[in-house]
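So the chains spell out like this:
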Amino acid sequence: NAGVTQTPKFQVLKTGQSMTLQCAQDMNHNSMYWYRQDPGMGLRLIYYSASEGTTDKGEVPNGYNVSRLNKREFSLRLESAAPSQTSVYFCASVGTTDTQYFGPGTRLTVL
Amino acid sequence: GEDVEQSLFLSVREGDSSVINCTYTDSSSTYLYWYKQEPGAGLQLLTYIFSNMDMKQDQRLTVLLNKKDKHLSLRIADTQTGDSAIYFCAERRSAGNMLTFGGGTRLMVKP
């Protein structure tokens, strides 16, 4: 039981490049989330998926797209990366007690 | 701006008690959480409290909830150097499974 896994752990992009951050959970959770963490700002919700086949915008969705590929996987895509998207990205899923379990994070730098 | 507020920094000596405070704004919050983040790692759920409770104790951790003042605190007894980390409080509001996080309190434990 790996919990929530994320790939890659680190990534450096040039402005304008695209990439997809992958997230998977093996806990059979319905809801999954993508957050970004910036210094002194806590975590801000980018997108979430309440169940397979549905996605909704969070607090800071601009510049991102998501796909809930199946119940296990929820990916985050940057179509044209910008330096303002330099951040640490966390994926999370929600369990039966409504507690969120987090992945280890992806550190993204956009030059 | 954030609806959940925490002080930025707390320094204590090893063996002392630490008290990390948090204020939130939504009186309809159902669950309130404390997460711990060690350097370079994801968020680890420490404990949570349901909004109809005043206190919850779990080994060295005590959570106090004052709903009238919308104030949440986490007390760590006999603080150890391994407790040095950033601590985030989060609230789950009555609508949806989304969490709103505070900006985090960095706890430094001096030997």
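Further up the page is the structure itself.
Throughout what follows, the structure given in this document is the object of discussion. (Residues numbered from 1 in each chain as written. Chains lettered and ligands numbered in written order. Predicted model: local features only at pLDDT ≥ 70, side-chain atom pairs only at ≥ 80, totals over all residues. Heavy atoms only, no water.)

## Describing the overall build of chain B
- Secondary structure assignment for chain B yields zero helices and eleven strands.
- Moving toward the C terminus, one meets the helices and strands of chain B in the order β-β-β-β-β-β-β-β-β-β-β.
- Dimensions of chain B, computed from C-alpha atoms along their principal axes, come out at roughly 45 × 30 × 20 Å.
- For chain B, the proportion of its 111 residues judged to be buried stands at 43%.
- The long-range fraction of contacts in chain B, counting pairs at least 24 apart against all pairs at least 6 apart in sequence, stands at 56%.
- Here chain B has roughly 5400 Å² of accessible surface; of this, 48% comes from carbon and sulfur atoms.
- Charged side chains of chain B number 12 positive and 13 negative; the gap between the two group centres comes to 1 Å. (Helix = DSSP H or I, 4+ residues; strand = E, 2+ residues; numbered from the N terminus. Buried < 20%, exposed > 50% of the residue type's maximum accessible area, 1.4 Å probe, protein only. Contact = heavy atoms within 4.5 Å. Areas by Shrake-Rupley, 256 points an atom, 1.4 Å probe, with all protein chains shown as cover. Lys, Arg positive; Asp, Glu negative; His and termini not counted. Charge placed at Lys NZ, Arg CZ, Asp CG, Glu CD.)

## Considering the interface of chain B and chain A
- Between chain B and chain A, the residue contacts involve 19 residues of the former and 20 residues of the latter.
- Counting the surface lost from both chain B and chain A, the interface buries some 1600 Å², and carbon and sulfur atoms represent 55% of this.
- At the junction of chain B and chain A, the tally comes to zero salt bridges.
- Remark: the boundary between chain B and chain A carries two residue pairs in polar contact (both at pLDDT 80 or more).
- When residues of the side of chain B that touches chain A are traced back to their parent elements, those giving at least two are β4 (31–37), β5 (43–50), β9 (85–92) and β10 (99–101) of chain B.
- A per-element tally of the side of chain B that touches chain A places β4 of chain B first, with four residues. (Buried area = accessible area lost by both parts, 1.4 Å probe. Salt bridge = Lys/Arg side-chain N within 4 Å of Asp/Glu carboxyl O. Polar contact = N/O pair within 3.5 Å; in protein donor to acceptor, adjacent residues only side chain to side chain.)

## Thoughts on the pairing of β5 of chain B
Residue and element names in this part refer to chain B.
- Taken together, the seven bridges between β4 and β5 define a ladder with antiparallel strand orientation. Residue pairing for β5: Gln 37 is matched across the bridge by Leu 43.
- Counting the residues in the hairpin turn of β4 and β5 gives five residues, including Gly 40, whose phi is positive at 75 degrees. (Pairing = 2+ DSSP bridges.)

## Let's talk about the state of the cysteines
Residue and element names in this part refer to chain A.
- Counted under the stated rule, the structure contains two disulfides over all chains.
- Shown here is the disulfide that connects Cys 23 with Cys 91, its sulfur atoms set 1.8 Å apart. Taking the sign of the S-S torsion, about -70 degrees here, the bridge from Cys 23 to Cys 91 comes out left-handed. Here the residue Cys 23 occupies a position in strand β3 (residues 19–25), and Cys 91 occupies one in strand β9 (residues 87–94), the gap between them amounting to 68 residues.
- Assessed through its relative accessible area of 3%, Cys 23 is described here as buried.
- Taking relative accessible area as the criterion, Cys 91 reaches 0% and is therefore assigned buried. (Disulfide = S-S within 2.5 Å.)

## What about the packing of aromatic side chains?
- This structure, assessed with the given rule, holds 14 aromatic pairs over all chains.
- With 5.9 Å between their ring centres and 65 degrees between their planes, Tyr 64 of chain A and Tyr 89 of chain A make a pair best called edge-to-face. Remark: Tyr 89 of chain A occurs in strand β9 and Tyr 64 of chain A occurs in the loop between β6 (56–57) and β7 (65–68); sequence separation between them is 25 residues.
- Here Tyr 64 of chain A falls in the buried class, since its relative accessible area comes to 4%.
- Residue classification places Tyr 89 of chain A among the buried positions, given a relative accessible area of 0%.
- Between the aromatic rings of Tyr 33 of chain B and Tyr 48 of chain B, the centroid separation amounts to 6.0 Å while the plane-to-plane angle is 40 degrees, which identifies the pairing as tilted. You can see Tyr 33 of chain B sitting in strand β4 and its partner Tyr 48 of chain B sitting in strand β5, a full 15 residues away along the chain.
- Among the aromatic residues, those joined into a cluster by ring pairs are Tyr 33, Tyr 35, Tyr 48, Phe 90 and Phe 102 of chain A together with Tyr 31, Tyr 33, Tyr 35, Tyr 48, Phe 50 and Phe 101 of chain B.
- Looking at Lys 56 of chain B, its charged tip hangs above the ring of Tyr 48 of chain B, at a distance of 4.1 Å from the centre. (Phe/Tyr/Trp six-rings, centres within 6.5 Å; stacked < 30°, edge-to-face > 60°. Lys NZ or Arg CZ within 6 Å of the ring centre and 35° of its normal.)

None of the figures reported here should be taken as evidence of function without further support.
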